[in-house]
Every structure is written in structure tokens, then in C-alpha cells.
Amino acid sequence: MRRIQLLLVVCAVLISAHGTASRGPSVVNGTIRGRVELRHAPADLARRPNVGDVAMPRPHDATDRRRSVVYLEVAPRAAFDQRDEPHARLDQRNETFVPHVLAIVAGTTVDFPNNDKTYHNVFSLSSTKTFDLGRYAAGKSKSVRFDRPGIVRVFCDIHSHMSAFVLVFTHRYFAVTDDEGRYRLDNVPPGSYTVVAWNESAPTESRRIVMAESGGDVEANFALGRR
Amino acid sequence: MWRALLLLAFCVAGPPAAWAQTLPTGPVSAFDGRVAVGAEVAATVGAEDHLAYFNYTDYEHNTLRMFRVALSASWQPVSRVVLIGEIRTEDLESVRPYAAYVRVRPWTRLRLDVQAGQIPPSFGAYGRRGYQGADSGLIGYPLAYQYLTAIRPDAAPATVADLLLMRARGWRTTYPLGSVDAGPGVPLISAFRWDTGVQLHWEAETVDVTAGVTTGTLADPQGSDNNDGKQVSGRIAVRPTTGLVLGASGARGAFLSRGVTRLLPDPDAPHDQSALGADGEYSRGHWLVRGEVVWSRWNMPFVGEPGRIANLDALGAWIEGRYRLTPRITVSGRADRLGFSRLAAGPGLTPTWDANVSRFELSGGYALQRNLVLRLAVQGNHRDGGRVRTQTFVAGQLAYWF
């Protein structure tokens, strides 16, 4: 068994070396960057009116629904190189999932720590990943490994205003936008790509871009939502 | 009911994944979330029950054959004031208000709230839950909150014999005093109507206290006063650890309506409903267990037996559990008992003033999506009296809420 493993490693190194050599010394990877604008700012997630409450509900943090995810529809082969057991974290804090949008590569294990004083019950019925972590108290954490690509909508069974999105990709050419909607995809090999922008509140949009052999920056801006 | 059946058939026959995705998943909100509107629709289909009336409500609907639509809304014009309301229709009959009140938090640093209007009950735990939706895996209601006993606020027995004639007939009672119409009795606590009044709620880290003054009683909530009496009720709840809630409640209020009390030789004779309750909830992992005990006493003056005021006691107790087998499948069960005190009816004759009832319910639920659940339940009932003593029902329900 050890001999077979050694043989596979040697083959992989040789293939990798061949791939790099065949691209030639003048080929440089570039950057795709730009901004995603939302034509209509999505509203915060409201609480369901609960007539049975006898007190003002505790305030919860606003959900940042402006975050978009930009990704390559089809990624270069190098993007699929497996890394070591990636980990990510989706907090439950002040009755809000933080971050609201999490983008990960398939095979990532996501930790769901409860940093509130009340119970939370994280679950998803998405076809990409169906899970239910049950109720667990403050200071505890449970984990889920996401193996399949797709969009996973995450909820709390106790607090209906809590929700988050986990976008699972087969490759690593994706980025979540910052406060101002900017994003950046680095180390993109030369070639022709379709860049897609996703936001939970609007239909996705895509742009066709070409990364030159000399690399450099390519700008792709998006405006999502109805005019 | 046929409309409900047709709707349910339509819903179940279609490809759920396709149409379910078009339904709203959260409340509709406007004005930066200051206005929020939610809804709950539950279509329940089960066998008819025209003999035993085990599941009938004080609105004379069968909870196992009911199409219910509830629309709730809240408006928060300023941070310390909220207006909240809910309207409901059962079996597409009249639309009626279920809740309509204003909530004010006078001081920002003190977690003290005042509510006024048609308010949620201060007593117990079950009455405040949005039960058909997300929170329960069961279809039926606990006996203490739904089962119609033999007594009424608008009509009263003149003698013990009058009362015992109505034993196990709470769904349709007639008495010589007060209203001459046949009508339903009352449950220990109504789950289908809320009372009108003022409520105070204070909460700290591990304890909260609720107290209210209302026009009706637990069994007979009122929109306006019908007997010049007020009910005082309250509950204290402690949360010793996350997931565990223990509560103790009490209530007392004038029960009989003015139409009956004016016929009594002594209009000042006590005719109160008094109640004590204890409730508990514990949840952990995929488990949720709840239970409640409610003791109720009605002081009932019998005009045909001068000077006799009987204490009509009832004790309802239930425990239920819910376990989530998979993210989509939940199983639930409830064991329930409602017992009544004995009454001297003659030499050596001391029957219970109403027939004791036992109930169990087992249910399985399948979540088509987060807020759309299909349930199937089996409910067994046994009563120590009446024409039909034992009956089992099978019911299906499709519940949707946002």
C-alpha cells in the first residue's frame, strides 16, 4: 500500500511539473476585481409578529444582507487542488448569524458556535446539505462538513428571524464583497471566464471576461436587482 | 369543511418542491421593519365526531376538522411602543379578532412592559404559544384548554340534578337559569379566545413575572364586562438553566354573567373561577418536553337548594414530548387527563360532576420546507360517561406560516 501511495505522489509531482512547464515562462496570473451594486438595498429580516409575547423582544443585530458573492462559473484546473481540511466559522451572536453569507470550498467543515445566552437550533433543509444540530447552549459549538457544491440556507429553529447562506464551491475562485460591495479574485490564470455575481435579494448576473497571457487586472462590475 | 378538504388535496397532490419555493419564507415587512405582517394557515382533515364531541371548541368547531387562517401584524411607531393584532377565521366563517393590544416599555433600562387591550393570558404557558405552526408537532389541543365541561357562564343549574344531567354533554348544555338556549360549556382555560384588560410583565436574567387584570375569566374570556367582576391572574417563571423553564400561575375572577347572577337570591354569592397551575419545559438536543397541571374551582350556587354553593373542581394535566428524528421528520406524543371532583347527589351517591376524560395523541410531521409541515396524528379518547365513551381519530394537517 505504501508503494502505491508513493507512486501516486511521484506521478502527481510529475504531472504538476509538466503543467507548469507547458505554460511557458511569459504566462502570468492576473486579478479580477470590481464592485457589486445593489439597486435596491435589501431590508433587514423582520421578526415574525408573535402575539403571544408579553414583553418587547430582545434587540438583535441587523442582518447584513448587502453581501454578495462573486465567483467564476468554470474555474481553471489548478483551482481544484485540494487543501488540508479547511475550516470556517458561522457564529450565532445577538440572535444573528455572523457572517450572514459564507462562501467555502467543498470539503470545508463549518463550526457553528453559540455565543448567545439562549439556546439556538441550527438547521437546513437545503438539498445541497440537510442537517439539524439540535438545541445547544451558550459556549457550545457543533460542526457540519459541506461536501457538495450548491447554496445552503441555514436557519435557527427557535428564532425565525435568524438565517444565513453558505455557498459551497468546487473551486476556490470566489469572493464575498466587502462593506462597499468590492471584491477581488486573485491568481486567475490566463483564459476566458464567466464571472457570476450572486446576492440573496436579486437574480444573479454574469459577465464574460478574458484574462490576458500577461496577467494584470480585469474589472467586472455588476448592478443587481430590477432597474 | 369541503373547501378545506379541496385545498388540502390540491396542496398535497401538486409537486411540493416546485410550488413551495414560491411561498414567502418570512414575514412581510415595511418601513425599516417597523411594520411586520405574518400569517398562519392550517388545514386539518379528520373523521367527523357528531356523537362524542371530544375535540369541539367553545366556537363549536372540531379541532381535528378545521381550516384556520390567522393573520397577525405589529407596528412599532417608536422604539418603546408596539401595536399588535391578530385576526382569525375558522372554517372560513366569520373573521374575529384574537389579539389586539398596545405594548409599552416605559423605561429603557428596566425590562418592564405594560400591555393593554385584548391581551395574551398571564396564566399558564400553553395559551400564549402559536401552536399550530412551528412550535408543536401535535394537532389536537390539551384537554384543559379545549375540552368543553358541563358548566356555562350564561346559564346555570338550579339543582345538583340539573348539573348531573349534563354530565359528558359539555358540547350542548341546557339549564333552567339564565339563557334558555342550548349552548356549549367552557373549558378550564380557553385556547381560542383571549381576554381584555391590562397586563404587566417584568423580567430579569433568570426570572420573569406577569400579572394581569381582565374582564373575563380563564374559562370565559370577554371583550367587555358581563358581570361587574374582574379577574386577577399572574404567573412567575424561573429559568434555572438554559432550556429549562418552570412556571407557577394563579387566577381568580367572577364567572357567572349578569344574566344569571340577577336571578340568584343572593346576587353577592360567590360565583368565581379560581385556578392554580404549574408548567414546565425542558429542551436539549433534538428533544423538547413540556407539561402542565391546571386546577380549577368554580363556586356554583344552586338556587333550587337554598344556601348550597358547591365547589366544582377540575384538574387537568398533560405531558408532551417532541423528538426530531431527521431534519425533516419529527415525532411527537402527548398524554392528557382531565378529572372532576365528586358531588353529593343523594344518599351514598357521589358522582363526579362531569365525566373524567383521558386522551393520548401520537403524531408524525414531515417538513416540506422550513415553514410548511405535513402532519399525521392518531388520537385516542376515553370518557367515563356519555353515549360514546371511547373513540379514536386519525387526522392529517398541512400547516404553513410566515
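Procedures and definitions
- Residues numbered from 1 in each chain as written.
- Chains lettered and ligands numbered in written order.
- Predicted model: local features only at pLDDT ≥ 70, side-chain atom pairs only at ≥ 80, totals over all residues.
- Helix = DSSP H or I, 4+ residues; strand = E, 2+ residues; numbered from the N terminus.
- Buried ≥ 20, exposed ≤ 12 C-beta atoms within 10 Å, placed from the backbone.
- Contact = placed C-beta atoms within 7 Å.
- Rg over C-alpha atoms; globule rule 2.2 N^0.38 Å.
- Pairing = 2+ DSSP bridges.
- Axes fitted to C-alpha atoms, helices over the stretch in contact; angles between N-to-C directions.
- Nonpolar A, V, L, I, M, F, W, Y, C, P; charged D, E, K, R; others polar.
- pLDDT = per-residue confidence, 0-100.
- Core = buried A, V, L, I, M, F, W, Y, C linked by C-beta atoms within 7 Å.
- Domains from an automatic or database assignment.

**Student:** I would appreciate a short explanation of the overall build of chain A in the present structure.
**Tutor:** Assigned secondary structure in chain A consists of 1 helix and 18 strands. For chain A, with 227 residues in total, the buried portion stands at 37%. Contacts spanning at least 24 positions in sequence make up 65% of the contacts within chain A whose residues lie at least 6 apart.

**Student:** What should I look at first to understand the overall build of chain B in this one?
**Tutor:** Helices and strands together make up the secondary structure of chain B, namely 6 helices and 19 strands. The C-alpha radius of gyration of chain B comes to 22 Å, within 12% of the 21 Å expected for a compact globule of 402 residues. Scored against the burial criterion, the 402 residues of chain B give a buried share of 44%. Relative to all contacts within chain B whose residues are 6 or more apart in sequence, the contacts with residues 24 or more apart total 59%.

**Student:** When you look at the sheet that holds strand 10 (residues 141-146) of chain A in this model, what are you seeing that I'm missing?
**Tutor:** In a beta sheet, neighbouring strands pair by backbone hydrogen bonds and run either parallel or antiparallel. Residue and element names in this part refer to chain A. Spatial ordering of the open sheet is given by 3-7-10, a layout of 3 strands whose pairing is mixed. In this open sheet, the two strands that pair with only one neighbour each are strand 3 (87-89) and strand 10. The mean inter-strand angle of the sheet, taken between neighbouring strand axes irrespective of direction, is 25°. Both strand 3 and strand 7 (residues 108-113) contribute to a ladder of 3 bridges, which runs parallel. By the bridge assignment, His-87 is partnered in strand 7 with Thr-109.

**Student:** Is there a simple way to think about the interface of chain A and chain B in this case?
**Tutor:** It is common to report an interface's size as the accessible area lost on association of the parts. Counting residues at the interface gives 26 residues for chain A and 41 residues for chain B. Breaking the side of chain A that touches chain B down by element, the ones donating at least two residues are strand 8 (120-125) and strand 9 (130-136) of chain A. The dominant element in the side of chain A that touches chain B, judged by the number of residues it contributes, is strand 9 of chain A, at 5 residues. Partitioning the side of chain A that touches chain B into residue classes produces 15 nonpolar, 6 polar and 5 charged.

**Student:** Teacher, can you tell me more about the confidence of the model for chain B here?
**Tutor:** As a note on interpretation, predicted positions should not be read in detail where pLDDT is low. Residue and element names in this part refer to chain B. Here chain B averages 91 in pLDDT, while 93% of its residues score no lower than 70. For residues 8-21, every residue scores under 50 in pLDDT, and the model assigns this stretch 10 contacts once sequence neighbours within four places are set aside. Note on the complex model: pTM 0.87, ipTM 0.85.

**Student:** Mind showing me how you'd approach unusual backbone geometry here?
**Tutor:** A negative phi angle characterises most non-glycine residues, just as the trans form characterises most peptide bonds. Look at the link from Val-98 of chain A to Pro-99 of chain A: it is a cis peptide, with omega at 0°. If you trace the backbone, Pro-99 of chain A turns up in the loop between strand 5 (96-98) and strand 6 (101-105). Residues other than glycine seldom take positive phi values, yet Glu-60 of chain B does so here, at roughly 60°. Structurally, the position occupied by Glu-60 of chain B is in the loop between strand 2 (35-46) and strand 3 (67-78). Backbone geometry at Leu-92 of chain B places phi at a positive 55°, although glycine is not the residue there. Relative to the helices and strands, Leu-92 of chain B is located in the loop between strand 4 (81-90) and strand 5 (95-104). Among the residues examined, Leu-92 of chain B registers 13 C-beta atoms within 10 Å and is labelled partly exposed.

**Student:** Explain the sheet that holds strand 2 (residues 69-72) of chain A to me, please; I cannot follow it from the model alone.
**Tutor:** Residue and element names in this part refer to chain A. Judged by pairing direction, the sheet is antiparallel, and its 4 strands sit side by side in the order 13-2-15-16 without closing on themselves. Each edge of the sheet is formed by a strand with only one pairing partner; in this case those strands are strand 13 (174-176) and strand 16 (202-211). Neighbouring strand axes in the sheet, compared pairwise and without regard to direction, differ in orientation by 15° on average. The pairing of strand 2 with strand 13 spans 3 bridges and is antiparallel.

**Student:** In this structure, what is going on with the nonpolar core? I would like to understand it.
**Tutor:** In globular proteins that are soluble, nonpolar side chains generally tend to be buried together. Core analysis: the biggest nonpolar cluster contains 48 residues, and Ala-144, Ala-156, Leu-188, Ile-189 and Leu-218 of chain B have the highest contact counts within it. Elements supplying a minimum of two residues to this core: helix 4 (143-146), strand 7 (155-156), helix 5 (160-165), strand 12 (244-254), strand 14 (287-301), strand 15 (309-324) and strand 16 (329-340) of chain B. Residue contacts for Ala-144 of chain B: discarding those within four places in its chain leaves Pro-187, Leu-188, Ile-189, Val-294, Gly-316 and Leu-338 of chain B. Residues Tyr-71, Val-168, Tyr-173 and Trp-198 of chain A belong to the second largest nonpolar core, which totals 45 residues.

**Student:** How should I be thinking about the confidence of the model for chain A in this particular structure?
**Tutor:** All names here are of chain A. Across chain A, the average pLDDT comes to 86, with 86% of residues at 70 or higher. Looking at the elements of chain A, mean pLDDT is at its lowest for helix 1 (residues 2-23), recorded as 39, and at its highest for strand 7, recorded as 98. Note that pLDDT drops below 50 for residues 1-23; the model gives that stretch 0 contacts with residues more than four away or on any other chain.

**Student:** Teacher, can you tell me more about the domain arrangement of chain A here?
**Tutor:** All names here are of chain A. On domain assignment, one finds that chain A holds domain 1 (26-45 + 58-69 + 178-227) and domain 2 (84-171). Listed per partner, the contact involves 9 residues of domain 1 and 12 residues of domain 2. Among the residues making up the side of domain 1 that touches domain 2, the classes are represented as 2 nonpolar, 2 polar and 5 charged.

**Student:** Before we go on, may I ask you to explain the pairing of strand 11 (residues 231-241) of chain B in this structure?
**Tutor:** When a strand is regular, its side chains alternate between the sheet's two faces. Residues and elements named next belong to chain B. Sheet topology note: the strand 10 (residues 207-214)/strand 11 ladder contains 8 bridges and is antiparallel. Bridged to Ala-211 within strand 11 is Gly-234. Of the pairings in the sheet, the one linking strand 11 to strand 12 comprises 8 bridges and is antiparallel in character. Residue pairing in the sheet places Ser-233 in a bridge with Ala-251 of strand 12. Counted between consecutive antiparallel strands, the loop separating strand 11 from strand 12 contains 2 residues, among which Gly-243 sits at a positive phi close to 95°.

**Student:** Sorry, what's going on with the environment of Arg-66 of chain A here?
**Tutor:** Residue and element names in this part refer to chain A. Tracing the backbone shows Arg-66 in the loop between strand 1 (30-38) and strand 2. Distance in space between the C-alpha atoms of Arg-66 and Val-36 is 9.4 Å, their sequence separation being 30 residues. Discounting chain neighbours no more than four positions away, the residues touching Arg-66 are Leu-38, Ala-41 and Pro-42.

**Student:** How should the pairing of strand 19 (residues 390-401) of chain B be read in this particular structure?
**Tutor:** Residue and element names in this part refer to chain B. Taken together, the 7 bridges between strand 2 and strand 19 define a ladder with antiparallel strand orientation. Bridge assignment links Val-45 to a residue of strand 19, and that residue is Gly-396. Where strand 18 (residues 372-383) meets strand 19, 11 bridges bridge the pair, whose relative direction is antiparallel. Along strand 19, the bridge assignment pairs His-382 with Thr-390. Linkage of strand 18 to strand 19, two consecutive antiparallel strands, is achieved through a turn of 6 residues, within which Gly-386 is found at a positive phi near 90°.

**Student:** For this particular structure, what's the right way to read the environment of Thr-217 of chain B?
**Tutor:** All names here are of chain B. Residue placement: Thr-217 occurs in the loop between strand 10 and strand 11. You can call Thr-217 buried: it has 31 C-beta atoms within 10 Å. The spatial distance from the C-alpha of Thr-217 to the C-alpha of Lys-230 is 7.9 Å, given a sequence separation of 13 residues. Excluding anything up to four places from it in sequence, Thr-217 contacts Gln-231, Gly-253, Phe-255 and Gln-273.

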